[in-house]
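Here are the chains, one letter per residue:
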Amino acid sequence: MKKALLVIDLQNDYLWEPRKKKFSYDTAPFVARVNALIEQYEPNDVIYIKHIIQNNPINKKLFGFSIQGTKGAELFGGLKIVSDNCFEKLLSDAFSAKKFKAFMKEKAYESVAICGLDEGGCVSATAKGAIKNNLSVEMLTAGIATVFPAQKIEKLRSKLKSMGVKYID
């Protein structure tokens, strides 16, 4: 079964030092774990996803992160980059991005392993999107982080497991 590793939203605005306080990820050990996972896959099967918010004055003020064309929206400097497979998404689910979805179909992937940020948002949304696109899904817990409360994450995991998502420690 052909499997892709999806690396979700490991961007500067979420991981570098000048980030907003709400992004309280423990950057160094988290990125080290993700980099170790990346090394386990063939480079061509590693796909990077970036959450991009359109660059306009309202979004700059309302969100202030992942703004298109800014240094903060770029992939985090400490992340191991092994392929040119990088796609932008405007919504939480990576499968909402037409170019990414077409790439996955063209490459005939049957399965995805997911790591990245944030389990309470884009990681879980992308897992649901993968299921809707008839792919099997593994969540690589060592490479997933969240700032959401444990109760919300437990509820999300329960729902995803009921949809067929496997959690790999």
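A brief report on the enclosed structure follows. Note that the structure is predicted; figures quoted are calculated from it, not measured.

1. Points about the side chain of Ser66
By the element assignment, Ser66 lies in the loop between helix H3 (57-62) and strand E3 (86-89). Reaching out from Ser66, the side chain makes a polar contact with the backbone oxygen of His51 at a distance of 3.3 Å. Non-local contacts of Ser66, meaning those with residues more than four positions away in its chain, are made with Gln11, Asp13, Tyr14, His51, Ile52, Ile53 and Ala73.

2. Let's talk about the side chain of Asn59
Position of Asn59 relative to the elements: it lies in helix H3. Judged by relative accessible area, Asn59 falls into the buried class, the value being 13%. In this structure the side chain of Asn59 is engaged in a polar contact, spanning 2.9 Å, whose partner is the backbone oxygen of Gln54. Setting aside residues up to four positions removed in sequence, Asn59 forms contacts with Ile53, Gln54, Gly64 and Ile67.

3. Regarding the sheet that holds strand E5 (residues 136-145)
Strand order in this open sheet of 6 strands is E3-E2-E1-E4-E5-E6, and the pairing throughout is parallel. Two strands lie at the open edges of the sheet, namely E3 and strand E6 (166-168), each paired on one side alone. Neighbour to neighbour, the strand axes of the sheet diverge by 25° on average, direction disregarded. Direction of pairing for strand E1 (residues 3-8) relative to strand E2 (residues 46-51): parallel, over a ladder of 4 bridges. Each residue of the ladder has a partner; that of Val7, found in E2, is Tyr48. Against the sheet, helix H4 (residues 98-106) touches E1, E2, E3 and strand E4 (111-117), its axis set at about 165° to E2.

4. Thoughts on the pairing of E2
Side-chain positions along a regular strand alternate between the two faces of the sheet. Most of E2 sits out of view: 6 of its 6 residues are buried. Pairing geometry for E2 and E3, over 4 bridges, is parallel. Bridge pairing links Lys50 to Glu88 in E3.

5. Digging into H4
For H4, the full list of buried residues reads Phe100, Phe103 and Met104. Within H4, the buried residues cover an arc of 100° as seen down the axis, which keeps them to one side. Turned more than 90 degrees away from the buried face of H4, the exposed residues are Lys98, Lys99, Lys105 and Glu106. If you follow the buried residues of H4, they end up packed against E1, E2, E3 and E4. A positive phi of about 60° marks Ala108, the residue just after H4.

Calculation notes
- Residues numbered from 1 in each chain as written.
- Predicted model: local features only at pLDDT ≥ 70, side-chain atom pairs only at ≥ 80, totals over all residues.
- Heavy atoms only, no water.
- Helix = DSSP H or I, 4+ residues; strand = E, 2+ residues; numbered from the N terminus.
- Polar contact = N/O pair within 3.5 Å; in protein donor to acceptor, adjacent residues only side chain to side chain.
- Contact = heavy atoms within 4.5 Å.
- Buried < 20%, exposed > 50% of the residue type's maximum accessible area, 1.4 Å probe, protein only.
- Pairing = 2+ DSSP bridges.
- Axes fitted to C-alpha atoms, helices over the stretch in contact; angles between N-to-C directions.
- Arc of directions from axis to C-beta.

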